[in-house]
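Structural characterization, general
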Amino acid sequence: MKFHYTKEEKSWMLYDWASSAYSIIITTAVFPIFYKAAATEAGVSAANSTAYLGYTIAIFTFILAMIGPILGTIADYEGMKKRFFTAFFFLGVGATAALALIPADEWLWLLVCYTLAALGSTGANVFYDAFITDVTTEEKMNRVSARGFGLGYIGSTIPFIISIAIIVLAQSGTIPVSPVNASRIAFLITALWWGLFAIPMFRHVHQRHFLKREPGLVGQSFRRLGKTIRNIRQYKALFLFLVAYFFYIDGVGTIISMSTAYGTDLGIGTVSLLIVLFATQVVAAPFAILYGRLAEKFGAKRMLYVGISVYIIVCTYAYFLETVTDFWILAMLVATSQGGIQALSRSYFGKLVPKQNSNEFFGFYNIFGKFASIMGPLLVGVTAQLTGDSSKGVFSLIVLFVIGLIILSRVPEPDAEMEPETVV
């Protein structure tokens, strides 16, 4: 069946293209290497610097988990979703640009600014994800979500290639720029790319499902949130999915956010790491789209099973990682499923939620994901410090995927979630 995408759907998907530059350059590639170099220069051990990065991720995810649900509940009122999205967007873009201004030896301040940038990025994504119910239909949701992730991987390779080229040329002395300043230029490129390609999102995507504003909006939002917390177990499929998501997305997010630090601990060089990460983006793009298409044939839940199973293999293989070749194999395994599992989780949940309360429920979707993201990095950080071996920390994540897989198997299909049903 041939799909025609509307202007709203295209504009929504293009934000993935815009924001994924942050994901690869700041979250995964350039910033972690820049930070690790700064920490090493300051005399911080490899295991400790990795642990501190894990603790930082845990801190900003905890902050967002605390404020996400109530902001999501307020955002369900007419006109509020775009306002919150805009506020977090500008925080993220501004803090990303500010990373270029911090002295290279101030590793602690780098983590502080990274925290603000991450709050902006993940906070904007809370409302961006919730907009999926406004821009498309349930029939197209899997494909639109997956195509967004695919565009994100494709789009992120362009600023990533430019950044890698500048860094490599700086390291070789081909251009009159120091390696430190080359990384700073990469941070500025990220902020510019993110801001520029987000413009269609601001122009064409609007909140179509909402609640009418009422007096005492904040107070009403707290009451609605309390009622939802009391009643959420009545939505059997939604509740079970959130619990399953809590576990498996923890492992996914931890592996993505700490992969570069982990590779550095293994002794893999900067250029090799950047090339591997670039290849991962290229491979991930078609696989994310493929997941969306296969979900139409086999069902989203079955494809989630496939993605979780791949990550179980990833955790097992990581334990035995020794060479650059091993890291390549691991990265390609991750590339086959990281976009698909995130895209289908988003669309699967989007089919479960009441449309007029999408922000409120996506607030819970993100709080479950963010609280989970506290546990994973802490687990890796503590294990790395106790054992002095990052591999054991990554391997410990396997239990999260196994638990998530088991709980997901009990989730009814979205079509069955028409009315609240008490969990038995």
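Nothing here was measured: the structure is a model prediction, and the numbers come from that model.

**With respect to the environment of leucine 405**
Tracing the sequence through the fold places leucine 405 in helix α17 (residues 398-408). Given the relative accessible area of 23%, leucine 405 is considered partly exposed. Each C-alpha atom, one on leucine 405 and one on tyrosine 305, is 6.7 Å from the other, the two residues being 100 residues apart in sequence. Those residues in contact with leucine 405 that lie beyond four places of it in its chain are Tyr305, Ile308 and Ile312.

**Focus on the packing of aromatic side chains**
Across all of its chains, the model carries 28 aromatic pairs by this definition. An angle of 20 degrees between the planes, with centres 6.3 Å apart, marks the rings of phenylalanine 31 and tyrosine 35 as stacked. Here phenylalanine 31 pairs with tyrosine 35, and both are found in helix α2 (residues 30-41), just four residues apart, close to one helical turn. Taken as a pair, phenylalanine 31 and tyrosine 35 share a single burial class, namely buried. On the basis of an interplanar angle of 65 degrees and a centroid distance of 5.1 Å, the ring pair of phenylalanine 89 and phenylalanine 202 is categorised as edge-to-face. Within this pair, whereas phenylalanine 89 is found in helix α4 (residues 80-98), its partner phenylalanine 202 is found in helix α9 (residues 199-204), the two being separated by 113 residues in sequence. Assessed through its relative accessible area of 4%, phenylalanine 89 is described here as buried.

Conventions used here
Residues numbered from 1 in each chain as written. Predicted model: local features only at pLDDT ≥ 70, side-chain atom pairs only at ≥ 80, totals over all residues. Heavy atoms only, no water. Helix = DSSP H or I, 4+ residues; strand = E, 2+ residues; numbered from the N terminus. Buried < 20%, exposed > 50% of the residue type's maximum accessible area, 1.4 Å probe, protein only. Contact = heavy atoms within 4.5 Å. Phe/Tyr/Trp six-rings, centres within 6.5 Å; stacked < 30°, edge-to-face > 60°.

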